[in-house]
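Structural features, examined
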Amino acid sequence: MRAVLFGLLLIGCTPSPERVCGWRMRLSEERFGKSDPVTRKRGVEHCLELARKERRENPARYKCRSACALDSRHLDQVFECEKSC
């Protein structure tokens, strides 16, 4: 029971996948320019799928990577988050 409560608390304190993926897309568009709506939608959906999976399977890693990504100001920094967490 304690493990379940701890897991819920850990997940509850993390940024949402929607927020993280939105920020990543914004940084990507700043670097590469705006993409067409279909490509952007597919990119966001793929990002959300991966983020939600990681959030379920490895909450501690998701928390580290999502916080780091939201602190990033350039796309290269986001990729460094993936290595450091």
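Below: a short report on this structure. Only a predicted model underlies this, so the values are computations on that prediction, with no experimental measurement involved.

What counts as what
- Residues numbered from 1 in each chain as written.
- Predicted model: local features only at pLDDT ≥ 70, side-chain atom pairs only at ≥ 80, totals over all residues.
- Heavy atoms only, no water.
- Core = buried A, V, L, I, M, F, W, Y, C linked by side-chain atoms within 4.5 Å.
- Buried < 20%, exposed > 50% of the residue type's maximum accessible area, 1.4 Å probe, protein only.
- Helix = DSSP H or I, 4+ residues; strand = E, 2+ residues; numbered from the N terminus.
- Contact = heavy atoms within 4.5 Å.
- Expected span 1.5 Å × (residues − 1).
- Disulfide = S-S within 2.5 Å.
- Axes fitted to C-alpha atoms, helices over the stretch in contact; angles between N-to-C directions.
- Parallel < 35°, antiparallel > 145°, perpendicular 65-115°, else oblique.
- Left-handed = near helix turned anticlockwise from the far one by under 90°.
- Nonpolar A, V, L, I, M, F, W, Y, C, P; charged D, E, K, R; others polar.

**Some thoughts on the nonpolar core**
Of all hydrophobic cores here, the largest spans 14 residues; its most connected members are Val 20, Cys 21 and Leu 27. Mapped by element, the contributors of at least two residues to this core are α2 (17–32), α3 (37–57), α4 (59–71) and α5 (75–84). By residue number, the principal contributor to this core is α2, which donates five residues. If near-sequence neighbours (up to four positions away) are discounted, Val 20 is found in contact with Pro 15, Tyr 62, Ser 66, Ala 69 and Leu 70.

**Examining the environment of Thr 39**
One can find Thr 39 in helix α3. Overall, Thr 39 belongs to the partly exposed group, its relative accessible area being 40%.

**Remarks on α2**
Relative to the 22 Å expected for 16 residues at 1.5 Å per residue, α2 spans 22 Å between its end C-alpha atoms, a close match to the ideal helical length. The inward-facing, buried residues of α2 abut α3, α4 and α5. Where α2 terminates, the next one or two residues include Gly 33, which has phi positive at roughly 90°.

**Here's the deal with the state of the cysteines**
Applying the stated rule across the entire model yields three disulfides. At a sulfur-sulfur separation of 2.0 Å, the disulfide partner of Cys 64 is Cys 85. Judged by the sign of its S-S torsion, about -70°, the bond between Cys 64 and Cys 85 is left-handed. Of this pair, Cys 64 sits in helix α4 while Cys 85 is found in the segment after α5, placing the two residues 21 residues apart along the sequence. Taking only the cysteines that form disulfides and numbering them from first to last, the protein has the pattern 1-2, 3-6, 4-5.

**A word on the packing of α4 against α5**
The interhelical angle for the contact between α4 and α5, taken along N-to-C directions, is 160°, at an axis separation of 9 Å. Considering the angle they form, α4 stands roughly antiparallel to α5. Seen from above, α4 lies across α5 with right-handed handedness. Across the interface between the two elements, Arg 61, Arg 65, Cys 68 and Ala 69 of α4 pack against Val 78, Cys 81 and Glu 82 of α5. Residues of the contact of α4 with α5, tallied by class, amount to four nonpolar, no polar and three charged.

**Overview of the environment of Ala 67**
Relative to the helices and strands, Ala 67 resides in helix α4. Residue class for Ala 67 comes out partly exposed when judged on its relative accessible area of 34%.

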